[in-house]
Amino acid sequence: MAQVQNEKTLGEKLLSIPRGVLFFILVLATAIPLRCKVTIPNNPAENSANLYRILMSIPEGSTVLVQSDWTNSTRGESRGQFDALLRILMRRNIKFAVLSVGDPQAPQVAKDVVDAINRERAEKGERQYRRWEDWLSLGLFPNAEGTGNGIALNMSNTFATKEESDASGMKRKVMLSPVFQGVESVADIAAYIIVTGTKSSQIAIERLNNKVTMLALVTGVMGPETLTYYASGQLKGMSAGLKGVYDLETMMESGLNVTGSPNQVPAVPGEYPGFPGQTNLAKGTQYILTLHSAIFLLIAAVVIGNIGVILSRKKGQS
Amino acid sequence: MILANATNFWARESGSGGLFLMVFLTLAICAALIFGLLQMPSRLRRPVVATFTFVSGLFYVLLWIWPQAQDRKPTDLPANFTESVSFWLSDALPKIANVSNILTAFLLGLGVFSLMRVHLTRLAKKQRDWSFSIVLLVSMISITIFGYWDWAQRQGMTPLQLEEATKIENWTTARLGQSLLFDGLLQAMDAAMFSLIAFYILSAAYRAFRIRSIEATILLASAFLVMFSLLGLADLFWSNMINAAGGSDPASFINNFRLSEIAGFIQKTFQVPGIRAIQFGIGIGALAMGLRLWLSLEKGGVS
Amino acid sequence: MNPVTYDAIKLTLGVLATVGLYTVLYRENKFYRFWEHVFLGLAAGWASVTLWTETLKENWWDAMLGKSVEQGVSTGEPGYWIYAVMLPLGVLGYFVYSKKHSWIAKIPIGIILGLWSGQQIQIWWQTYGPQMKASMLPVVPTTWESLTRPAMNGLTPEQMASVTANIYPSQAIGNILAIITVICVLTYFLFSFELKNKVVSSMSLTGRYLLMIGFGAIFGSTVMMRFSLLIDRMYFITIEWFDALKLLIG
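All values reported here derive from a predicted model rather than from experimental measurement. (Residues numbered from 1 in each chain as written. Chains lettered and ligands numbered in written order. Predicted model: local features only at pLDDT ≥ 70, side-chain atom pairs only at ≥ 80, totals over all residues. Heavy atoms only, no water.)

**Side note on the overall build of chain A**
Helix and strand content of chain A: 11 helices and 8 strands. Principal-axis analysis of the C-alpha atoms gives chain A an extent of 90 × 45 × 35 Å. A total of 318 residues make up chain A; the buried ones form 64% of that total. Of the roughly 11,000 Å² that chain A leaves accessible, carbon and sulfur atoms contribute 54%. Chain A carries 32 positive and 27 negative side-chain charges, and their two centres are separated by 5 Å. (Helix = DSSP H or I, 4+ residues; strand = E, 2+ residues; numbered from the N terminus. Buried < 20%, exposed > 50% of the residue type's maximum accessible area, 1.4 Å probe, protein only. Areas by Shrake-Rupley, 256 points an atom, 1.4 Å probe, with all protein chains shown as cover. Lys, Arg positive; Asp, Glu negative; His and termini not counted. Charge placed at Lys NZ, Arg CZ, Asp CG, Glu CD.)

In structure tokens, the structure reads:
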């Protein structure tokens, strides 16, 4: 008799999956699909398409400022975004200066990734991006608010203390480098691009949105908040999360609105070619299938939990 | 040695006795002022902090309300008092930004100092888990040594030398140690720490994401729709159903029910305006808080 | 050192640390505590390196002492002695540990907060002005040709421009809903006390429901991010590390 009372109903069973089992299934769901090579169809979001449109419209030889505030804590999304951004900038011969305002680890992480993309280019026999000539590392500005205001109203003096070695090895002011040639204020910058996993993008947008074309590549968590700035026109383009990375990579592979390309976004005017035959499909493509399995697992867990509750309630009522 | 650039009252030749004298005098005056602060009666403490806070905030307030020069050129001279103030404010801004960066850096150092202090105390007093304090201090000291060593080696390198230095076969001991600690350990652990949340999200969603009220049901439905819209395969499956129901004709009304369209509608109609309204609220709160802090009206705060 | 061996060692250490931190999923244990302390130590140590090398060295030290043109390593800069003030000002923050004089630490914090609060007035309109403007959406349709916006596949750029310039009835309805959402959610937030006015209280209730739609979307995006981070770790272990070991073994 006691045995019958202890026997769990289906509802109770559904509600009592041990935490360890759930964790183990999650590990399997996020590890196994990584080995599968399946092409996932994609429909680029309008905000990602606008980001790509602007990056592809910046005249070659122009300069952009890249605010890199991510570290490996968000590598799953930010690394793919930063890689894609650097590949586009370098392939289009756009000069860039990297600054960080968010995290003491961010400047080194950014430098490491630039080195990695440079090595990738060197392996393919492409020209490497050189410090001083093509790009600058401006370092860490721990007070994001003051720095944002400084850049907005007097950029050249805000970077006045920063130096890099020129071709002869002599330390010189960064504003004298070829990267900032012809640049006097932030209005002369082709775009201000923020790659972040935190709210640092908002601090910059608040101070700079009416001075320069702003773009943001943010994590999924920051996506919905940042989207309000895109919707109001304060950001001209943005990529959010892993889907945003995949959007960028597919557009780099087969272009945007180009005849024959699967990436058609009618709301975005113009045709923008991709970079066929080059390394385009990277982190986003590698992870997107696995994201499917992880999200399906979460949905299944929620559904099972709710069915369990419903069945238990029915049993209780009867 | 070639002499550095021209000087004025605020600037002195680099390496000159005059510069060191001025630095020493400044430090001595500051030390005297700190001594004065140590002797300050309790009733004056609040006004002192309030004055520093107010004057700091006043700069940006003035910058905002004072007329700004349009199309100012570096050679332009101020024509009147208004322009003089305007030019001064504009020129001072980058310096204020620099000061705020320096001060924030010093204050961030406080966190490092605090951690060291806690663990050194634990170690000295052999408190519980003191062995872990050794682990922490050894990690801290090793990355500090390798970090500075690697940085020092890179100083004065030409861009070409820097390019060569990035090749792993050219890495020095300092670079190898720095990369092992920074990329090999710190960055890996940083990523691992933050990825732990995925496990808890799954567990919490399974145990607590219940359709118990209208609010929870709306939230769940919206979350599922957005999650599905992020998945290309789900989008493809849905699109095939829409196509089968007549969606192949671009003019068909049913095309409005594609997953991306529904998710886009939710985003534009509810998500963005909803978050925007929250941000309006936060903005009003931040403005009020800003005023209270600036005027030192916040009782439990700075003053 | 052979790059392949070095890479394998570096990645193995990373994997050990990752697994060590993951053991907390079972329960708090010494292995986890060990790696947690390594993590904290490295993060704090790195912060001390970066704060000097990426910020204080150039922004403060070099600005204060300047640079002379020596052996062609620098173009030369005068020193601005006034920057010496920053050292004692920064040191004031460390008085927080003094029981008697901890109030002094409030001076540098007050300066930072003062600078922040002074900017709030300035940036408020710059931030929320465009947001408010973007909330004033057209609610009257400009055309009744079609209930919804027609598909733009195969249209010429001029035709596309004409389609996008018009407000179709479905868009007008969407815009009305968006405006209602802003007003109701704002009502819900601003009137968080007990409401006696029925109109306001029903708006507030509607705001709560509408907010749930937004929160649902946020939850969806958050899930994507959290899983992406885990996927990345799994990639690190099952692909990057395995590949490095394979290379090492040959």
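**Brief notes about the sheet that holds strand β8 (residues 237–240) of chain A**
All names here are of chain A. Strand order in the open sheet made by the 6 strands is β3-β2-β1-β6-β7-β8, with parallel pairing throughout. In this open sheet, the two strands that pair with only one neighbour each are β3 (135–140) and β8. Each strand axis lies, on average, 15° off the axis of its neighbour in the sheet, ignoring direction. Relative to β8, helix α10 (residues 241–254) is tilted by about 120°, and along the sheet it contacts β7 (214–218) and β8. (Pairing = 2+ DSSP bridges. Axes fitted to C-alpha atoms, helices over the stretch in contact; angles between N-to-C directions. Contact = heavy atoms within 4.5 Å.)

**Quick notes on unusual backbone geometry**
Its identity is not glycine, yet Asn93 of chain A carries a phi of approximately 55°, on the positive side. Inspection of the secondary structure puts Asn93 of chain A in the loop between α5 (75–91) and β2 (95–100).

**As for the interface of chain C and chain B**
Between chain C and chain B, the residue contacts involve 129 residues of the former and 132 residues of the latter. For the pairing of chain C and chain B, the buried interface totals around 12,200 Å² over both sides, and the portion due to carbon and sulfur atoms is 80%. Across the contact surface, chain C and chain B share 2 salt bridges. We note a salt bridge from Asp129 of chain B to Arg33 of chain C, for which the minimum N-O separation is 2.3 Å. Inspection of the region where chain C meets chain B yields 27 residue pairs in polar contact (both at pLDDT 80 or more). With 29 residues, helix α2 (residues 30–65) of chain C is the single largest residue contributor to the side of chain C that touches chain B. Across the side of chain C that touches chain B, the residue classes tally to 82 nonpolar, 33 polar and 14 charged. Relative to strand β1 (residues 79–80) of chain C, strand β1 (residues 11–12) of chain B is paired through 2 bridges, and the arrangement is antiparallel. What sits directly across from Ala11 of chain B, in β1 of chain C, is Tyr80 of chain C. (Buried area = accessible area lost by both parts, 1.4 Å probe. Salt bridge = Lys/Arg side-chain N within 4 Å of Asp/Glu carboxyl O. Polar contact = N/O pair within 3.5 Å; in protein donor to acceptor, adjacent residues only side chain to side chain. Nonpolar A, V, L, I, M, F, W, Y, C, P; charged D, E, K, R; others polar.)

**Details of the pattern of salt bridges**
Tallied over the full model, the rule gives 28 salt bridges over all chains. Linking Glu163 of chain B and Arg130 of chain A is a salt bridge whose minimum nitrogen-to-oxygen distance equals 2.8 Å. Separated into two different chains, Glu163 of chain B in helix α5 (residues 159–165) and Arg130 of chain A in the loop between α6 (106–123) and β3 make up a pair that spans both. Assessed through its relative accessible area of 13%, Glu163 of chain B is described here as buried. Between Glu163 of chain A and Lys173 of chain A there is a salt bridge; the shortest N-O distance is 3.5 Å. Of this pair, Glu163 of chain A sits in strand β4 (residues 163–165) while Lys173 of chain A sits in strand β5 (residues 171–173); the two residues are 10 residues apart in sequence, bridging distant segments of the chain. Side by side, Glu163 of chain A and Lys173 of chain A carry an identical accessibility label, which is buried. Salt bridges here are not isolated pairs; linked through shared partners, they connect Glu163 and Lys173 of chain A together with Lys57, Asp62 and Lys67 of chain C.

**What about the confidence of the model for chain B?**
Here chain B averages 89 in pLDDT, and 96% of its residues register 70 or above. Across the interfaces of the predicted complex, the ipTM metric reaches 0.92, alongside a pTM of 0.92. (pLDDT = per-residue confidence, 0-100.)

**Regarding the packing of helix α7 (residues 144–158) of chain A against helix α3 (residues 81–124) of chain B**
Angle between the axes and distance between the axes are the two parameters that describe a pair of packed helices. One way to put it is that α7 of chain A packs onto α3 of chain B with a least axis distance of 8 Å and a crossing angle of 125°. Here α3 of chain B runs oblique to α7 of chain A, going by the angle between their axes. Here α7 of chain A runs over α3 of chain B; the crossing is left-handed. Mapping the contact onto sequence places Gly146, Thr147, Asn149, Gly150, Leu153, Asn154, Asn157 and Thr158 of chain A in α7 of chain A and Ser90, Asp91, Leu93, Pro94, Ala97, Ser100 and Asn101 of chain B in α3 of chain B. Here the residues of the contact of α7 of chain A with α3 of chain B are counted per class, giving 4 nonpolar, 10 polar and 1 charged. (Parallel < 35°, antiparallel > 145°, perpendicular 65-115°, else oblique. Left-handed = near helix turned anticlockwise from the far one by under 90°.)

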